[in-house]
Amino acid sequence: MTEQLPLSNLQTRDIESVIHPYTPLHKLKTTGTLVVSHGKGVHVYDTQGREYIEGMSGLWCAGLGFGDEEMVDAATEQMRALPFYHLFGAKSFEPAIELAEKLKEIAPVPISKVFFTSSGSEANDTQVKLAWFLNNARGKPQKKKIISRIRAYHGVTVMAASLTGLPGNHNGWDLPVDRVLHTDCPHFYRFGKEGESEADFVDRIVQSLRDLIEREGADTIAAMIAEPVMGAGGVVVPPKGYFEAIQAVLDEHDIMLIADEVITGFGRTGNWWGTETFNMRPKTLSAAKQLTSAYAPLGAVMVPEDIYQAYVDYTAQLGTFGHGFTYGGHPLGCALGVKAIEIYQRRDIVGHVRRLAPVFEARMKRLAEFELVGEARYCGLVGGVELVADKTTRRAFKPAQGVGPLTAKLLEENGLILRAMGDTIGLCPPMVISEGELNELFDRLEKALRQAEEHVTKEKLRAA
Ligand code: PLP
């Protein structure tokens, strides 16, 4: 790895003033920060003029890449016309109406109404509140627990972080709160037992869900929330038949499924929704991120008519629907949501993802041959490369060895920004990436992996 250069003026000012999310704060003064100045297409540029392929679409979100002029024009137009308004107290504006209509039209299951938030965390937090509100409305005040999964990621508000099933979001944060239950992670490579087939693994974890429900009592559980593909938990693509089997158990116990489509929505998995790719039958959905291609903050909770009617009837008793965020459904976000969906449709982004998926798959399979790579998993244009100390036994490196973060640093030095989630390197390139750019991304990734291999061997990090 190249020597760390002295910090630039901007880096120093940054570290002196900004608290960085998901960052080892104690190391910042030695690692420095990457200060990005602009972006175009799949590339971003730092303040030193270095170019990077943004292989994570930022945070799984900038599906249209950077500097899309149509998006910039739509934003400018909206800012001129109405830079802010809200939906409280029966106020409204056209972009919110149009976007809600559009979401209903493209939804993978019957959806009749949309509640807007400013982020994915707020959308999932709202999902929980709405599930509670609904069961109070239905006269089932004891039916309130929410099932989530180990390694799930649903955000960082108190409830969204509680739904999240990652130790880093709980340890030290006094989380999870009550009423949240975590069931198994459908990660066969990591959690499958020796000699167990994938089908047997699914049977086992579905039985474990059933046991959990029976232990807790179905009449205490309102909903289960699930990402179609787990993102921050290490890009976990569920095994065949998993969601169908889960759904059967939930149906039996009157527990509704909430699909967290924050990463998978709008084409990422090769269909408009991950729900379609994995045969899920959620009652409600959360969306955010690619909803506006991240050009402005926006989240959405999408619900069917019977649930909405229950809110209406309950509100009649309570007097108001007491929930809402000042910036939920901000006009800028809504205008950009309308524009992003129009672009996804006009430019056939889903078709583009499908056409590129075989290239992505072929290059992921090549990565799987590296000694350092235990598993390379993928779906559409999202993937995870799990680095292991021993390919045969699947033994992981010790977290303190920092092989994942080191690899991310090497990637950066090779002009590629990806994210290390522990020792899994996530890939989620802008959906507009060309075939040539995608191959360039993998060439840079392979180069960095060879360097990481060298480092691991030199430092004898494989020793048990
Ligand atoms: N849900 C999923 C699946 C996510 O990946 C994320 C963020 O990465 C969130 C929710 C939280 O979204 P936000 O960071 O916009 O609050």
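**Let's talk about the domain arrangement of the protein chain**
Argument step 1. Taken domain by domain, the protein chain holds domain 1 (34–67 + 348–458) and domain 2 (69–346).
Argument step 2. Relative to domain 2, the C-alpha centre of domain 1 lies at a distance of 26 Å.
Argument step 3. On the domain 2 side, the residues contacting the 37 residues of domain 1 number 33 residues.
Argument step 4. When domain 1 packs against domain 2, the two sides together hide about 2800 Å² of surface, and 58% of this comes from carbon and sulfur.
Argument step 5. In terms of surface lost to domain 2, no three residues of domain 1 exceed Trp60, Leu64 and Arg394, which account for 23% of the buried area on that side.
Argument step 6. Summed over the shared surface of domain 1 and domain 2, the number is 2 salt bridges.
Argument step 7. For arginine 190, the salt bridge is made with glutamate 386, and the minimal N-O distance between the two is 2.9 Å.
Argument step 8. The interface formed by domain 1 and domain 2 contains 21 residue pairs in polar contact (both at pLDDT 80 or more).
Argument step 9. When contributions to the side of domain 1 that touches domain 2 are tallied by element, the ones reaching two or more residues are helix H3 (57–60), helix H15 (349–367), strand S11 (373–379), strand S12 (382–387) and strand S15 (424–427).
Argument step 10. At 5 residues, S11 tops the list of elements feeding residues into the side of domain 1 that touches domain 2.

**Section: the packing of helix H4 (residues 69–81) against helix H14 (residues 331–346)**
Argument step 1. Where H4 meets H14, the closest approach of the two axes is 9 Å, and the angle between their N-to-C directions is 150°. With respect to H14, the axis of H4 lies roughly antiparallel. Note that H4 runs across H14; the crossing there is right-handed. Together, Glu70, Met71, Ala74, Ala75, Gln78 and Met79 of H4 and Pro331, Leu332, Ala335, Leu336, Lys339, Ala340, Ile343 and Arg346 of H14 make up the contact between the two elements.
Argument step 2. Taken together, the residues of the contact of H4 with H14 sort by class into 10 nonpolar, 1 polar and 3 charged.

**Side note on the nonpolar core**
Argument step 1. Among the nonpolar cores identified, the biggest contains 103 residues, and Leu103, Phe116 and Phe266 are the most heavily contacted of them.
Argument step 2. Each of two domains, domain 1 (34–67 + 348–458) and domain 2 (69–346), supplies a minimum of three residues to this core.
Argument step 3. Sequence-distant contacts of phenylalanine 266, that is, excluding residues within four places in its chain, are made with Leu103, Ile106, Trp272, Trp273, Ala287, Ala288, Gln290, Leu291, Ile341, Tyr344 and Met431.
Argument step 4. The next biggest cluster of nonpolar side chains, apart from the first, holds 22 residues, and it includes Ala131, Val180, Ala223 and Val303.

**Quick notes on the pattern of salt bridges**
Argument step 1. Overall, the coordinates contain 29 salt bridges when judged by the stated rule.
Argument step 2. Between arginine 363 and aspartate 443 there is a salt bridge, and its shortest N-O distance comes to 2.7 Å. Placement of arginine 363 in helix H15 and of aspartate 443 in helix H17 (residues 435–458) is noted, with a sequence separation of 80 residues between them.
Argument step 3. With relative accessibility at 8%, the residue arginine 363 sits in the buried group.
Argument step 4. Under the relative-accessibility criterion, aspartate 443 is labelled partly exposed at 37%.

**Considering the sheet that holds strand S5 (residues 145–149)**
Picture the strands of a sheet paired through backbone hydrogen bonds; they go either parallel or antiparallel.
Argument step 1. Strand order in the open sheet formed by 7 strands is S4-S10-S9-S8-S7-S5-S6, and the pairing between neighbours is mixed. Strands with a single pairing partner mark the edges of an open sheet, and in this sheet they are strand S4 (113–117) and strand S6 (180–183). With direction set aside, neighbouring strand axes in the sheet form an average angle of 20°.
Argument step 2. Across the sheet, helix H5 (residues 94–106) is in contact with S4 and strand S10 (299–303); its angle to S4 comes to roughly 125°.
Argument step 3. Where helix H11 (residues 242–252) meets the sheet, its contacts fall on S5, strand S7 (221–226) and strand S8 (256–260), and the angle it forms with S7 comes to roughly 170°.

Criteria and cut-off values
- Residues numbered from 1 in each chain as written.
- Predicted model: local features only at pLDDT ≥ 70, side-chain atom pairs only at ≥ 80, totals over all residues.
- Heavy atoms only, no water.
- Domains from an automatic or database assignment.
- Contact = heavy atoms within 4.5 Å.
- Buried area = accessible area lost by both parts, 1.4 Å probe.
- Salt bridge = Lys/Arg side-chain N within 4 Å of Asp/Glu carboxyl O.
- Polar contact = N/O pair within 3.5 Å; in protein donor to acceptor, adjacent residues only side chain to side chain.
- Helix = DSSP H or I, 4+ residues; strand = E, 2+ residues; numbered from the N terminus.
- Axes fitted to C-alpha atoms, helices over the stretch in contact; angles between N-to-C directions.
- Parallel < 35°, antiparallel > 145°, perpendicular 65-115°, else oblique.
- Left-handed = near helix turned anticlockwise from the far one by under 90°.
- Nonpolar A, V, L, I, M, F, W, Y, C, P; charged D, E, K, R; others polar.
- Core = buried A, V, L, I, M, F, W, Y, C linked by side-chain atoms within 4.5 Å.
- Buried < 20%, exposed > 50% of the residue type's maximum accessible area, 1.4 Å probe, protein only.
- Pairing = 2+ DSSP bridges.

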